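As a plain string of letters, each chain reads:
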Amino acid sequence: MLPGARAFNKDLAPAFIDHACIVNGYAPPPGSVLGEGVDAGFAYCELDCGTAVTETLLAASNPLGDFHGIDARGDEIEQARALAKDGGARNITFHHAGIEAALEKTLPQFDYIVVNNIYSWVPLRERGLILAFVRKFLKPGGAVYVSYNARPGWNKLDPFRRVFREATRGMKAEPVQRLNAARDLYARLLELKAAGIAATGLSAEAFQALNDIPLDALAADYVNEFSDPLYVTDVMADFAAVDCVLTGSSTMAESLPVLLGYEPFKSLLEKLPTPSGRELVKDFLLDTRYRRDVFVRGGKRLAGDNRDMVMNGLAFAAEHPAAEARYEQRMPFGDMKFDNPHARGLVETLEGGPRTLGELVTRAHDGGVDAQAVVANVHALLLTGQIRPVYRGTPEAAKGARLMADAVRARATDAASAIGFLPSPYGTAFHIPIADQVFMTLPAQAGAEALAEAAGEKLAGGDVTFVTKDALTKRARAWKRNVRYFGAIGVLPG
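Note that this is a predicted model, so its numbers are computed, not measured.

Colleague: What exactly am I supposed to notice about the overall build of the protein chain here?
Modeller: Within the protein chain, the regular secondary structure consists of 22 helices and 14 strands. A globule of 494 residues ought to have a C-alpha radius of gyration of about 23 Å, and the protein chain, at 23 Å, matches this closely. For the C-alpha atoms alone, the extent of the protein chain along its principal axes is close to 65 × 55 × 50 Å. If you take every contact in the protein chain between residues at least 6 apart in sequence, the share linking residues at least 24 apart comes to 76%.

Structure, rendered in structure tokens:
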């Protein structure tokens, strides 16, 4: 498993998981704010939650949720509890336990279970325990988010991973030293044109890129003896055993409904009779190396009339200010270009705050814009990762997010505990650079140079260093331009 990281993963938000269900034609969990139990509340669980930054920020911005974090690492659980306490998140409970011990606990039936960066990094027995947990605690209609290293994308690296393990087995050295020793041996095999190595097709560029592996990934993917990338068909079969059906990828640009609109995906995938076959061939076409999948227990399909109703209940938020928007991007299926007045108008609207699809269509209709143009541009912005699905804000969510944001900003000048994200009233959190968090605590009327100087002193006092004073000043100028956007997503002090 990956070490617990002090970062936020937007894919794990209930609204994001709901959206993955909906766009793939499945009903969201019954406790979802979009589901059958509107405003009744939902239960959410993250296995191996680590320091639980994502889940704690989600708890603050989703007051209707009952959140549970489970992890066997006591020090990380204590860090998680400290953040929850400081941020006033009373709707989250942490359990210091492994998954096997958690199976014996009295827990609620969950609408959402998150299995993030665990499944392909643990022994087979542990995978079995994960499935047993899902069988016991996931509601009918509930959703499971599962991320894992995938084949065929990892196939070319398999020989090196094997050489790494055997060449450094028993070696008492740091991971980077072990990496260098394995690289030297592998390079010699390449020089000798070893048949088993040459057949893998590992390019010189990919081999060179091994030098840049982050330490946490090196530990998880190479040092970890149990790391084993999986084919999607294997994972689908595992979860089918606990009555869970794959809705599809939570990464919209890699979802079947999107790719089926483009060649060569359309002509190839339509020939395959099963969902598992289509997902497998899609992965071969994309050379998929990492998957983010959502499964639903029972696989309840979403009726066509309900689909429109639910989509109008979800809102969409901009990931960044309008000035940073891109209208052209390389995608798995080709170049996407959508630089048109409708797209630019939509970006300007969303810079002012999240809107539902229904609100965007109504606004466009009042301005004489065709609804299909709105839908097409929302689709393009989603595919290019420039907007995300969120819940509609509430006063209760705003209060919880504000308290947690204060606690996060209080950590901004501590290098050991700083978190580069702030919760919002929209059921999620957004990336807010550490420098910007410090600017938020300073007098708003100050100029960029004064802001940079004051922020630099605070950051240096907490052993957080910025690249240069000029870079901090540049960031301060950007901060002053982006205040409207930060206010619109609800992350400013107030």
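Next comes the rest of the account.
Colleague: Is there a simple way to explain helix H19 (residues 395–410) in this structure?
Modeller: Counted at 1.5 Å a residue, the expected span for H19 with its 16 residues is 22 Å, and the 23 Å between its end C-alpha atoms agrees. Within H19, burial applies to Ala 397, Gly 400, Ala 401, Met 404, Ala 405, Ala 407, Val 408 and Arg 409. Those residues of H19 hidden inside the fold are in contact with helix H2 (53–61), helix H3 (74–86), strand E13 (421–423) and helix H20 (434–440).

Colleague: In this structure, what is going on with the sheet that holds strand E8 (residues 315–318)? I would like to understand it.
Modeller: Strand pairing within a sheet occurs via backbone hydrogen bonds; the two strands may be parallel or antiparallel. An order of E11-E8-E12 is seen for the 3 strands of this open sheet, with the pairing classed as antiparallel. Strands at the two margins of the open sheet, each flanked by one partner only, are strand E11 (355–356) and strand E12 (387–390). Where E8 meets E11, 2 bridges bridge the pair, whose relative direction is antiparallel. Bridging across to E11, Phe 316 finds its partner in Arg 355. Along the sheet, helix H1 (residues 14–23) contacts E8 and E12; its crossing angle with E12, the most-contacted strand, is approximately 100°.

Colleague: Explain the packing of aromatic side chains to me, please; I cannot follow it from the model alone.
Modeller: Here a ring pair, both rings aromatic, is described through the centre-centre distance and the interplanar angle of the planes. This structure, assessed with the given rule, holds 21 aromatic pairs. Through pairs of rings, three or more aromatic residues link up here, namely Trp 154, Phe 160, Phe 164, Tyr 186 and Tyr 222. A cation over an aromatic ring shows up here: Arg 289 above the ring of Trp 154, its NZ or CZ 4.4 Å from the ring centre. Here Arg 301 stacks its cationic end above the ring of Tyr 26, 4.2 Å away from the centre of that ring.

Colleague: Even after reading the chapter, I still don't get the side chain of His 68, so can you show me in this structure?
Modeller: Structurally, His 68 can be placed in strand E2 (residues 65–71). In this structure the side chain of His 68 is engaged in a polar contact, spanning 3.3 Å, whose partner is the side chain of Asp 66. Sequence-distant contacts of His 68, that is, excluding residues within four places in its chain, are made with Tyr 44, Cys 45, Glu 46, Glu 55, Thr 93, His 95, Leu 107, Pro 108 and Phe 110.

Colleague: Explain unusual backbone geometry here, please?
Modeller: Glycine aside, a negative phi is what most residues show, and trans is what most peptide bonds show. Cis peptide bonds are those with omega within 30 degrees of zero, and the linkage from Arg 151 to Pro 152 qualifies with 15°. Topologically, Pro 152 is positioned in the loop between strand E5 (138–149) and helix H6 (158–167). In this model, Glu 263 is joined to Pro 264 through a cis peptide bond whose omega is 5°. Phi at Asp 243 takes a positive value of approximately 65°, unusual for a residue other than glycine. In this fold, Asp 243 is placed in the loop between helix H11 (232–240) and strand E6 (244–249). The exposure class of Asp 243 is partly exposed, given its relative accessible area of 45%. Positive phi values are uncommon outside glycine, yet Asp 287 reaches one of about 55°. In this fold, Asp 287 is placed in the loop between helix H14 (275–286) and strand E7 (290–297). Given a relative accessible area of 37%, Asp 287 falls into the partly exposed group.

Colleague: Where do I start with the pattern of salt bridges in this structure?
Modeller: Should their charged atoms come close, side chains of opposite charge can pair. By the definition in use, this model includes 27 salt bridges. A network of salt bridges, in which partner residues are shared, links Glu 279, Lys 282, Asp 283, Arg 291 and Asp 293.

Colleague: Help me out: how do you make sense of the nonpolar core in this one?
Modeller: In summary, soluble globular proteins display a tendency toward joint burial of nonpolar side chains. In terms of nonpolar packing, the biggest core is built from 101 residues, with Leu 57, Val 378 and Phe 439 touching the most fellow members. Beyond its immediate sequence surroundings of up to four residues, Leu 57 is in contact with Phe 8, Leu 83, Met 404, Val 408, Phe 421, Pro 423 and Ala 429. Formed by 34 residues, the second largest nonpolar core is a distinct cluster that contains Leu 107, Ile 118, Ile 130 and Val 242.

Colleague: What should I look at first to understand the environment of Asp 75 in this one?
Modeller: If you trace the backbone, Asp 75 turns up in helix H3. Judged by relative accessible area, which is 53%, Asp 75 ranks as exposed. Separated by 24 residues in sequence, Asp 75 and Thr 51 place their C-alpha atoms 8.5 Å apart.

Colleague: Can you help me understand the pairing of strand E3 (residues 92–96) in this one?
Modeller: Each regular strand shows side chains that alternate between the opposite faces of the sheet. Two elements, E2 and E3, share 5 bridges in a ladder whose sense is parallel. Bridge pairing in E3 places Ile 70 opposite His 95. Crossover connection from E2 via H3 to parallel E3: handedness right-handed.

Colleague: Is there a simple way to think about the pairing of E6 in this case?
Modeller: Burial runs high along E6: 5 of the 6 residues are buried. Summarising the sheet, E6 and E7 pair through 5 bridges and their orientation is antiparallel. Residue Leu 246 lies in a different strand from E7, and its bridge partner there is Phe 295.

Colleague: Quick question: what am I supposed to make of the sheet that holds strand E1 (residues 42–47) here?
Modeller: Taken in spatial order, the 7 strands of this open sheet run E3-E2-E1-E4-E5-E7-E6, and their pairing is mixed. Each end of this open sheet is capped by a strand with a single partner; those strands are E3 and E6. Taken over all neighbouring pairs, the strand axes of this sheet differ in orientation by 20° on average, direction set aside.

Colleague: Would you explain the side chain of Gln 437 in this entry?
Modeller: With respect to the secondary-structure elements, Gln 437 resides in helix H20. Looking at Gln 437, its side chain comes within polar contact range of the main-chain oxygen of Ile 419, at 2.7 Å. A distance of 3.1 Å separates a polar atom in the side chain of Gln 437 from the backbone oxygen of Ile 432. Gln 437 has contacts with Val 408, Arg 409, Ala 412, Ile 419, Gly 420, Phe 421, Leu 422 and Ile 432, leaving out every residue within four places of it along the chain.

Criteria and cut-off values
- Residues numbered from 1 in each chain as written.
- Predicted model: local features only at pLDDT ≥ 70, side-chain atom pairs only at ≥ 80, totals over all residues.
- Heavy atoms only, no water.
- Helix = DSSP H or I, 4+ residues; strand = E, 2+ residues; numbered from the N terminus.
- Rg over C-alpha atoms; globule rule 2.2 N^0.38 Å.
- Contact = heavy atoms within 4.5 Å.
- Expected span 1.5 Å × (residues − 1).
- Buried < 20%, exposed > 50% of the residue type's maximum accessible area, 1.4 Å probe, protein only.
- Pairing = 2+ DSSP bridges.
- Axes fitted to C-alpha atoms, helices over the stretch in contact; angles between N-to-C directions.
- Phe/Tyr/Trp six-rings, centres within 6.5 Å; stacked < 30°, edge-to-face > 60°.
- Lys NZ or Arg CZ within 6 Å of the ring centre and 35° of its normal.
- Polar contact = N/O pair within 3.5 Å; in protein donor to acceptor, adjacent residues only side chain to side chain.
- Salt bridge = Lys/Arg side-chain N within 4 Å of Asp/Glu carboxyl O.
- Core = buried A, V, L, I, M, F, W, Y, C linked by side-chain atoms within 4.5 Å.
- Right-handed = clockwise from strand over helix to strand, strands pointing away.

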